[in-house]
Amino acid sequence: MKIFCIGRNYSEHAKELGNAVPENPVVFSKPDTALLRAGEDFYLPHFSNDVHHEIELVIKINKVGKNIQEKFARNYFSEIGLGVDFTARDLQAQLKAKGLPWELAKGFDGSAPIGNFISIENLDLSNINFGLKKNQEWVQQGNTRDMIFSFDKIISFISQYFTLKVGDLIYTGTPAGVGPVAIGDKLEGFIEDASMLSFEVK
Ligand code: ZN
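Residues numbered from 1 in each chain as written. Predicted model: local features only at pLDDT ≥ 70, side-chain atom pairs only at ≥ 80, totals over all residues. Heavy atoms only, no water.

Colleague: Residue-level account of the environment of Phe162, with values.
Modeller: Considering the arrangement of structural elements, one finds Phe162 in the loop between helix H4 (151-159) and strand S11 (169-171). In this structure Phe162 comes out as partly exposed when scored by relative accessible area, which is 38%. Along the chain, Phe162 and Gly184 lie 22 residues apart, while their C-alpha atoms are 38 Å from each other. (Helix = DSSP H or I, 4+ residues; strand = E, 2+ residues; numbered from the N terminus. Buried < 20%, exposed > 50% of the residue type's maximum accessible area, 1.4 Å probe, protein only.)

Here it is in structure tokens:
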């Protein structure tokens, strides 16, 4: 399975990192060893002193597809979940300054915690509230109405370059409020009022 992520998909977040709002989705990927399943704790990597949480809605592909038209994209996923795109911000800054890929800063072991999935059947995909609490306090809150690129646009765009397969995951971008995590922090992610993801930083 593949894990894709979209960078800078909420303009308030793009701004907080000093990035321009992109013309096309910014796509990168993580290896499957980045996944952290429910019940597993996150261990801070030794090579960073500034690991940031990025809470993101995640769609799970349920049908093989290539060159998918935007108007048919909805047929390629039926469930949505919540994940964290952990980012070693200090390492990413060094790599960006040299014009190098983000892979090391974004794709390391455990950098993609993933929670439960729910059916999209009764959801208005253009109005989903989601967010992250750190030690019981809100640190990130977003709504899909603020996405620069919709789920359908993202699926269509990615599938022009990569064949999508059953089980592939797409992290669809983080709203503003990213920030560092420390040992002992308890993170809990929500879609509307439902707790979808929780783990501790070790
Ligand atoms: Zn992200």
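Next, the rest of the story.
Colleague: Lay out the coordination of the zinc ion with the relevant residues and their values.
Modeller: Protein-derived ligands of the zinc ion are Glu54 (OE), Glu56 (OE) and Asp85 (OD), with the metal-ligand distances lying across 1.9 to 2.1 Å. Along the chain, the residues donating to the zinc ion fall in the pattern E-x1-E-x28-D. Taken together, the residues span a long stretch of sequence, with Glu54 in the loop between strand S4 (51-53) and strand S5 (55-61) and Asp85 in the loop between strand S6 (77-84) and strand S7 (87-88) at a distance of 31 residues. (Donors = N, O, S within 2.8 Å, 3.2 Å for Na, K, Ca; no water.)

Colleague: Report on the pairing of S6, specifying residues and quantitative values.
Modeller: Each regular strand shows side chains that alternate between the opposite faces of the sheet. Of all the eight residues making up S6, six are buried; the element is thus mostly covered by neighbouring parts of the structure. Both S5 and S6 contribute to a ladder of seven bridges, which runs antiparallel. Opposite Lys60, over in S6, you have Glu79 as the bridge partner. Across four bridges, the pairing between S6 and strand S8 (residues 112-119) is antiparallel. Counted as the bridge partner of Glu79 is Ser119 from S8. (Pairing = 2+ DSSP bridges.)

Colleague: Describe the environment of Ala20, and please don't skip the residues or the numbers.
Modeller: Tracing the backbone shows Ala20 in the loop between helix H1 (11-16) and strand S2 (26-30). Put simply, Ala20 and Arg8 are twelve residues apart on the chain and 8.4 Å apart in space, counted from C-alpha to C-alpha. Non-local contacts of Ala20, meaning those with residues more than four positions away in its chain, are made with Arg8 and Ala14. (Contact = heavy atoms within 4.5 Å.)

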